[in-house]
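Results of the structural survey
What follows is the residue order along each chain.
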Amino acid sequence: MKQEYTITVYTENQVGLLNRIAIIFSRRKINIESLNTSPSEAEGIHRFTIVINETEDVVRKLCRQIEKQVEVLKAYYNTNEEIIWQELALYKVPTDVITEKVKVERLLREFGARAVVIRKDYTIFETTGHREETEGLINALAPYDLIEFVRSARVAIIKASNGFHEKLKEFEAYEPAEELAENAFLNNQAEVFSM
Amino acid sequence: METLELKEQTITAPATQSISGSKAVLEAFIAEGVDTIFGYPGGAIMPIYDALYDYHDQLKHVLVRHEQGGIHAGQGYARSSGKVGVVFATSGPGATNLVTGLADAMIDSTPLVCVTGQVFAHLLGTDAFQEVDVVNITTPVTKWNYQITDANEIPHILAKAFFIAKSGRPGPVLIDISKNAQLQTFEYKGYQKCEHIRSYRPKPIIRKSYIEKAAELINSAQKPFILFGQGIILGRAENEFKNFIEKTGIPAAWTLLGLSALPTDHPQNVGMLGMHGNYGPNVLTNECDVLIAIGMRFDDRVTGRLDKYAKQAKVIHLDIDPAEIDKNVKTTVPVWGDCKETLPLLTELVTAKKHTEWLNKFNEYKQKELDVVIHNELNPTTEQMTMGEVIKILNQNTNGDAIIVTDVGQHQMVASRYAKFNQSKSNITSGGAGTMGFALPAAIGAKFGAPSRTVVAIIGDGGVQMTIQELGTIMQTEINVKILILNNEFLGMVRQWQQLFHDKRYSFVDIQSPNYVMVANAYGIAAQKVTSRNQLADAITTMLQHEGSYLLEVMVGKENNVFPMVPQGCSVSEIRLS
Ligand SMILES: Cc1ncc(C[n+]2csc(CCOP(=O)(O)OP(=O)(O)O)c2C)c(N)n1
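Note that this is a predicted model, so its numbers are computed, not measured.

**Digging into the overall build of chain A**
A tally of helices and strands in chain A yields eight helices and nine strands. When contacts within chain A are restricted to residue pairs at least 6 apart in sequence, long-range pairs at least 24 apart make up 74% of them. Of the accessible surface of chain A, which amounts to about 10400 Å², a share of 50% is contributed by carbon and sulfur atoms.

Below, the structure is given as structure tokens:
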């Protein structure tokens, strides 16, 4: 069954790596719903957050292909239940329409929005949340001359993760710990041998 | 010509340790034990060629006739020697001419380091003369690639390049060096080989528990079957493999690239897998109870229809590349790791056995294939010669000691089916990519990689015309390769498919050839054409005994087909004998 998966990739910070990772998806004609790159908790280590809609079997294979890249340290995949995630959205609307027709205050309360800029000619709101939440405010603003809208890629934190600091030390070691040298997906023996 | 603007480079004051980027490239090669470079010069790589002028007694450079020939020669060199092949090309068209070879080396896991020249760093992105974004073009077809714009990076990037190319599952690496970096002098602190990259784990750690589980399955199996691929050759694990199969008594079949890892006449060698493989191995894949795949990747030409492939069997997969596990065939027990290390561990745990009855089953199928296909192919009663009888006579002359380099098509399948091999690294062919034009340049490279061995390139009349310009390389280097053209006056393999699957509508497969004897002679290469059977044996002996290169063209039946065949979309057990 296809569903949304969030892939978290820890990498070295190198020119060209974004392309190397992106073509793993495009080669298989898989659409990337959202892609974010950012620094991670570990110094010098970059973190990609990629959202796709696929079956688990495909996602697992994609992660192995990603981990195979020389500059990739680790790739994890998670369902939405296993992560905390947010997206950020910005909305630009004419100030006069807002003040006349909808109460700014109501928007702020109902959608947890924040006014980032209020000028005579326009106001910019910001919301952070899941897709449904950021979309709710678009729908509310659509009738009121929404001038511009933009939404960021997803950022996510894996609930069960202890961060990458300790892992990185092991990567730097010449002889890695078992857990690192092996692929996390196969660590569960019961799964491997149940066929 | 290209811009000669030099103003942007940093010129450090001359000191004892100051060397140019170009020189640093060649110093890296020497430290890595490189002895031969295949290449072609041009504007953006001229500084490196200038430096090479002073290194000619330490580094041999083979001037090819086309960069595609250069990279295929590098592949042939790597495959016959087990070392990293090294290739030079200039920027722009020089670099794009490498792409086919990179794709070929990528899918066949061949270790290469290709160095391309690039325009001056300040011109990048300006559509400068002969500027091509080679790093992005080659990303999908390289294991790793990198662009250097500062000479200071050269020593450690080249060290990384060699380490990545040859470690783990080998593959091609491309390093693009801008002209300013080649010219730049910098403080050279010597060359240090790379042995560890924190984000790169060439070998997965071996897990004892998987080995134990695999041994248990093997020990309880009634009809176990081994499939082996190039992983054995790349891992230099031929002896470990032989010990394993001899102790377990399990029949073993090879993929196209696994050929020559086990001597052809080994009693447990039951033949070739896949589309034009042998009858028994294909049919019995769907009867075995435990399938042991070693250093192979379940290519679709091997598996046929996947949902009808070995569904009854438990699968043990030994591979160094974790991404291969479960990629195409679901594995019961994954044995990750270098098979040079995993095979002995497994051999220790398995009980010694003889699967006589099961092995006999392979022999029964073999008999049937002999009667229906092989006998006629090797001893034809037709007036026209068959490819098979040419290979048979070749075997009688080489005794299985030659390196056989094949191109792509019917002759490739026939040669793989019938050629004899006694030693490893002797079968060189373009497997995963199926690149026509591979054989002639690869044979040149193979000879440079193994100068003491006889190298025979077996090529179709189509494929030879794709890279025939490399006869010039043979002429100039005076290298000794034997070129055997099996001429059926057709693009044979495509014609076979048109006959079998497109109602014999022969659409553009009728290909004319030049007078190959005259062409060869024009390049100073001795040659002969054979049109009848009674000349064949003498001609092959003449070719092999000739001092220096020799081209032999053999006219064979125009519309002969290669059988057995697993038609595309069919299961391996639906293999056809006619
Ligand atoms: C570069 C390239 N182009 C096209 C093909 C498709 N192709 C596969 S086999 C073949 C025919 C080869 O003919 P020939 O070289 O005469 O060999 P034969 O099959 O007759 O032995 C062709 C065109 C290919 N494999 N590679």
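**With respect to the nonpolar core**
Residues and elements named next belong to chain B. Within the largest apolar cluster, 98 residues are counted, with the highest numbers of intra-cluster contacts made by F225, F241, L291, I294 and I316. Ranked by residues supplied to this core, first place goes to helix 15 (residues 356–378) with seven residues. Built from parts of two domains, this core gets at least three residues from each of domain 2 (208–362) and domain 3 (385–555). Among all residues touching L291, those that are not within four sequence positions of it are F225, L227, F298, Y309, A310, A313, K314, V315 and I316. One finds L59, F88, A159 and F162 within the second-largest nonpolar core, a separate group that totals 44 residues.

**A look at the packing of aromatic side chains**
Under the counting rule described, the total for this entry stands at 20 aromatic pairs over all chains. Relative to F164 of chain A, the ring of Y10 of chain A lies with its centre 3.9 Å away and its plane at 10 degrees, an arrangement referred to as stacked. One end of the pair, Y10 of chain A, is in strand 1 (residues 3–12); the other, F164 of chain A, is in the loop between strand 9 (155–158) and helix 6 (165–172), and 154 residues separate them in sequence. By the burial criterion, Y10 of chain A is buried, and F164 of chain A matches it. A centroid spacing of 5.1 Å and a plane angle of 50 degrees characterise the contact between F225 of chain B and F362 of chain B, whose relative ring orientation is tilted. Pair noted here: F225 of chain B is in strand 9 (residues 224–228) and F362 of chain B is in helix 15, with a separation of 137 residues, a long-range link. Look at F362 of chain B and you get buried, because its relative accessible area is 4%. Cluster of aromatic residues (ring-pair linked, three or more members): Y10, Y76, F164 and F171 of chain A. If you follow R154 of chain A out to its NZ or CZ, it ends over the ring of W85 of chain A, 3.6 Å from the centre. Between the NZ or CZ atom of R495 of chain B and the centre of the ring of F490 of chain B, over which it lies, the distance is 5.7 Å.

Cut-offs and rules
- Residues numbered from 1 in each chain as written.
- Chains lettered and ligands numbered in written order.
- Predicted model: local features only at pLDDT ≥ 70, side-chain atom pairs only at ≥ 80, totals over all residues.
- Heavy atoms only, no water.
- Helix = DSSP H or I, 4+ residues; strand = E, 2+ residues; numbered from the N terminus.
- Contact = heavy atoms within 4.5 Å.
- Areas by Shrake-Rupley, 256 points an atom, 1.4 Å probe, with all protein chains shown as cover.
- Core = buried A, V, L, I, M, F, W, Y, C linked by side-chain atoms within 4.5 Å.
- Buried < 20%, exposed > 50% of the residue type's maximum accessible area, 1.4 Å probe, protein only.
- Domains from an automatic or database assignment.
- Phe/Tyr/Trp six-rings, centres within 6.5 Å; stacked < 30°, edge-to-face > 60°.
- Lys NZ or Arg CZ within 6 Å of the ring centre and 35° of its normal.

The values are spatial; any link to function lies outside them.
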